[in-house]
Amino acid sequence: MSSVMHVRCPDRLPEDVFRQVLELLAEFSPVVQALPPSAALVELKGALRYHGTSPWHLGETLRVRTLSRLGVDVRVGIGPTIGVAATASGQISAPGGVLAIDPDQVADWLGPLPVEALHGIGPKQAAALRVRCAGLVSVGECQ
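Here the structure is a predicted model, which is why all the values come from computation and not from measurement.

> In this structure, what is going on with the pattern of salt bridges? I would like to understand it.
Any two side chains of opposite charge can pair, so long as their charged atoms come close to each other. Across all of its chains, the model carries 5 salt bridges by this definition. Among the ionic pairs, R69 bridges to E27, the shortest N-O distance being 3.0 Å. With a gap of 42 residues between them, R69 in helix α3 (residues 55–70) and E27 in the loop between α1 (15–25) and β2 (32–35) connect regions that are remote in the sequence. Take R69: its relative accessible area is 48%, and that puts it in the partly exposed class.

Pasting the structure below:
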């Protein structure tokens, strides 16, 4: 099973602090992709084996370290795919937190979310889905 961590930093984070967050992420996994100006993806497959812990615990450890070392509270979404992880991190209220979605929970978790909550879905795409799916409001309504 593969897991992906999507890390969202606070808006308007100075570039040098964002770089420090990326360096901290590299302590958890060698596979880190920066998504400037304030997000990153972390592949957890090898990291979970190496650290011998759960995805949620790894995310919470990251959050504590960013707070204690950098004074930055991040929002961490974890899921089996980039889309699920990014959507999860977007569902966490500021300032920060961790939301881990297990692969067998994805459909139940996504189902009640409004279409606009999906990562990468803008107003035009949401409107198109509503037309295609006859008044679609939540993700689970469209089959």
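Back to the write-up after that little detour.
> How should the nonpolar core be read in this particular structure?
It is characteristic of soluble globular proteins that their nonpolar side chains tend to be buried jointly. Residues M5, L13, L25, L44, L58, L62 and V76 are the most contacted members of the largest nonpolar core, which totals 23 residues. Secondary structure elements with two or more residues in this core: β1 (4–8), α1, β3 (39–43), α2 (45–51), α3 and β4 (75–79). If one sorts the elements of this core by residue count, α1 sits on top with 6 residues. Formed by 8 residues, the second largest nonpolar core is a distinct cluster that contains V84, V106, L110 and L113.

> So what exactly am I meant to see when it comes to the pairing of β4 here?
For a regular strand, the rule is simple: side chains alternate between the two faces of the sheet. Of all 5 residues that make up β4, 5 are buried, and the element is covered over most of its length. Burial of the side chains of β4 extends over both faces: R75, G77 and G79 are buried on one face and V76 and I78 on the other. With 5 bridges connecting them, β1 and β4 associate as antiparallel partners. By the bridge assignment, H6 is partnered in β4 with G77. Note that β4 and strand β5 (residues 97–100) share 4 bridges and pair parallel. Looking at β5, one finds that V76 is bridged to V98. The parallel pair β4 and β5 is bridged by helix α4 (residues 82–90), and the resulting crossover is left-handed.

> Please clarify how α3 should be interpreted in this entry.
Since the α-helix advances by 3.6 residues per turn, residues separated by three or four positions end up pointing in the same direction. If you check α3, its first and last C-alpha atoms are 22 Å apart, about what 16 residues at 1.5 Å a residue would give, namely 22 Å. Structurally, α3 contributes buried residues whose contacts are with β1, α1, α2, β4 and β5. G71 sits one or two residues past α3 and shows a positive phi near 70°.

Cut-offs applied
- Residues numbered from 1 in each chain as written.
- Predicted model: local features only at pLDDT ≥ 70, side-chain atom pairs only at ≥ 80, totals over all residues.
- Heavy atoms only, no water.
- Salt bridge = Lys/Arg side-chain N within 4 Å of Asp/Glu carboxyl O.
- Helix = DSSP H or I, 4+ residues; strand = E, 2+ residues; numbered from the N terminus.
- Buried < 20%, exposed > 50% of the residue type's maximum accessible area, 1.4 Å probe, protein only.
- Core = buried A, V, L, I, M, F, W, Y, C linked by side-chain atoms within 4.5 Å.
- Pairing = 2+ DSSP bridges.
- Right-handed = clockwise from strand over helix to strand, strands pointing away.
- Expected span 1.5 Å × (residues − 1).
- Contact = heavy atoms within 4.5 Å.

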